[in-house]
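One-letter residues, chain by chain:
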Amino acid sequence: SYPTLEKGISLAAKAGYGSEILTSGIWFPANRGYLRNLKKAGLFSVRISLDAEHNERVPVEIIIELINEGLKSGIEINFTLREIPGRENVLEQIMAKIKAELPDFYNQNQSRSRWVHKIPHMPVTRENETIPRSNKKKSNNRKWQQACKIGFFDLTIGEDGRVYPCCG
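Residues numbered from 1 in each chain as written. Predicted model: local features only at pLDDT ≥ 70, side-chain atom pairs only at ≥ 80, totals over all residues. Heavy atoms only, no water.

### Overview of the overall build of the protein chain
Inference 1: Secondary structure assignment for the protein chain yields 6 helices and 6 strands.
Inference 2: In the protein chain, buried positions account for 36% of the 168 residues.
Inference 3: Here the analysis covers contacts within the protein chain between residues at least 6 apart in sequence; of these, 72% occur between residues at least 24 apart. (Helix = DSSP H or I, 4+ residues; strand = E, 2+ residues; numbered from the N terminus. Buried < 20%, exposed > 50% of the residue type's maximum accessible area, 1.4 Å probe, protein only. Contact = heavy atoms within 4.5 Å.)

### So, the nonpolar core
Inference 1: Judged by nonpolar contacts, the single largest core of 35 residues is most densely connected at Ile-48, Ile-67, Phe-79 and Ile-98.
Inference 2: Looking at this core, the element that brings in the most residues is helix H4 (residues 60-72), giving 6 residues. (Core = buried A, V, L, I, M, F, W, Y, C linked by side-chain atoms within 4.5 Å.)

### Concerning H4
Inference 1: For H4, spanning 13 residues, the distance from its first C-alpha to its last is 18 Å, which sits close to the expected 18 Å at 1.5 Å a residue.
Inference 2: The set of residues buried in H4 consists of Val-60, Ile-62, Ile-63, Ile-64, Leu-66, Ile-67, Glu-69 and Gly-70.
Inference 3: The positive-phi residue at the C-terminal boundary of H4 is Gly-74, with phi of around 75°. (Expected span 1.5 Å × (residues − 1).)

### Here we look at empty space enclosed by the protein
Inference 1: For the structure on display, the rule yields 1 cavity of 30 Å³ or more.
Inference 2: Of the pockets and cavities examined, the largest cavity occupies roughly 30 Å³.
Inference 3: In this structure, the largest cavity is lined by Ser-24, Ser-49, Leu-50, His-54, Asn-55, Val-58, Ile-63 and Ile-94.
Inference 4: Looking at side-chain class alone, the lining of the largest cavity contains 4 nonpolar, 4 polar and no charged residues. (1 Å grid on protein atoms, 1.4 Å probe; cavity = no way out; pocket = protein on both sides within 12 Å on 5 of 7 lines; lining within 4 Å. Points joined across faces, edges and corners; volume = space filled by probe spheres on them. Nonpolar A, V, L, I, M, F, W, Y, C, P; charged D, E, K, R; others polar.)

### Some points on the packing of H4 against helix H5 (residues 91-101)
Inference 1: Interhelical geometry of H4 versus H5 gives an angle of 50° and a closest axis separation of 11 Å. One way to sum up the angle between H4 and H5 is to call them oblique. Crossing geometry of H4 relative to H5 is assigned as right-handed. In contact with Val-60, Glu-61, Ile-64 and Ile-67 of H4, H5 contributes Ile-94, Lys-97, Ile-98 and Glu-101.
Inference 2: Classifying every residue of the contact of H4 with H5 by side-chain character gives 5 nonpolar, no polar and 3 charged. (Axes fitted to C-alpha atoms, helices over the stretch in contact; angles between N-to-C directions. Parallel < 35°, antiparallel > 145°, perpendicular 65-115°, else oblique. Left-handed = near helix turned anticlockwise from the far one by under 90°.)

### What about the side chain of Ser-73?
Inference 1: Considering the arrangement of structural elements, one finds Ser-73 in the loop between H4 and strand S3 (77-82).
Inference 2: For Ser-73, a relative accessible area of 13% gives the class buried.

### Notes on the side chain of Ser-49
Inference 1: Considering the arrangement of structural elements, one finds Ser-49 in strand S2 (residues 44-49).
Inference 2: The class for Ser-49 is buried, based on a relative accessible area of 7%.
Inference 3: A polar contact is formed between the side chain of Ser-49 and the side chain of His-54, at a distance of 2.8 Å.
Inference 4: Discounting chain neighbours no more than four positions away, the residues touching Ser-49 are Leu-22, Thr-23, Ser-24, His-54 and Thr-80. (Polar contact = N/O pair within 3.5 Å; in protein donor to acceptor, adjacent residues only side chain to side chain.)

### Focus on the sheet that holds strand S4 (residues 116-119)
Inference 1: What the 4 strands build is an open sheet, ordered S1-S2-S3-S4; its pairing is parallel. Each of the sheet's edge strands pairs with one partner strand only, and the pair in question is strand S1 (19-23) and S4. Across the sheet, the axes of successive neighbouring strands diverge by a mean angle of 25°, strand direction being ignored.
Inference 2: Of the pairings in the sheet, the one linking S2 to S3 comprises 4 bridges and is parallel in character. Bridge assignment links Ser-49 to a residue of S3, and that residue is Thr-80. (Pairing = 2+ DSSP bridges.)

### Focus: the confidence of the model for the protein chain
Inference 1: When pLDDT is averaged along the protein chain, the result is 75; 68% of the residues meet or exceed 70.
Inference 2: Ranking the elements of the protein chain by mean pLDDT puts strand S6 (residues 163-167) last, at 56, and helix H6 (residues 103-109) first, at 95.
Inference 3: Scored below 50 in pLDDT, residues 133-152 shows 28 contacts in the model against residues more than four places distant or in partner chains. (pLDDT = per-residue confidence, 0-100.)

Structure below.
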């Protein structure tokens, strides 16, 4: 059985640990109460992923609702854009929608540092495949050539509100 976000928040708060929850928002329609629990825990903010992949699964209307609920709960809301080669960059169209529907929120935050954090594409290769090196400087350390086993590793919150391991 996978733990729920509520359980994770509770354990983290008891230990005095705070963090930023990175999410696509897919869990939000069925689990709106999680934002109130984040606020009670006091040490959390929310970072919403705005990329083509997530935008296909989570309509911008859900993102607007998530932002509104977060603001009502007094939670800091930030964004991340993971650039995906060959996929549409949806950041501008989503931010235009946020600006139109939540102008005060947009205007208060648009110049804040790291409000929108851009993550570069992180290629993951097949095992034993090498990644070309752009720097021509020679190195005896061949670690840079090894295929990445896990591009990035986080936890993700499923539609059911449970927490699952997520490998990008």
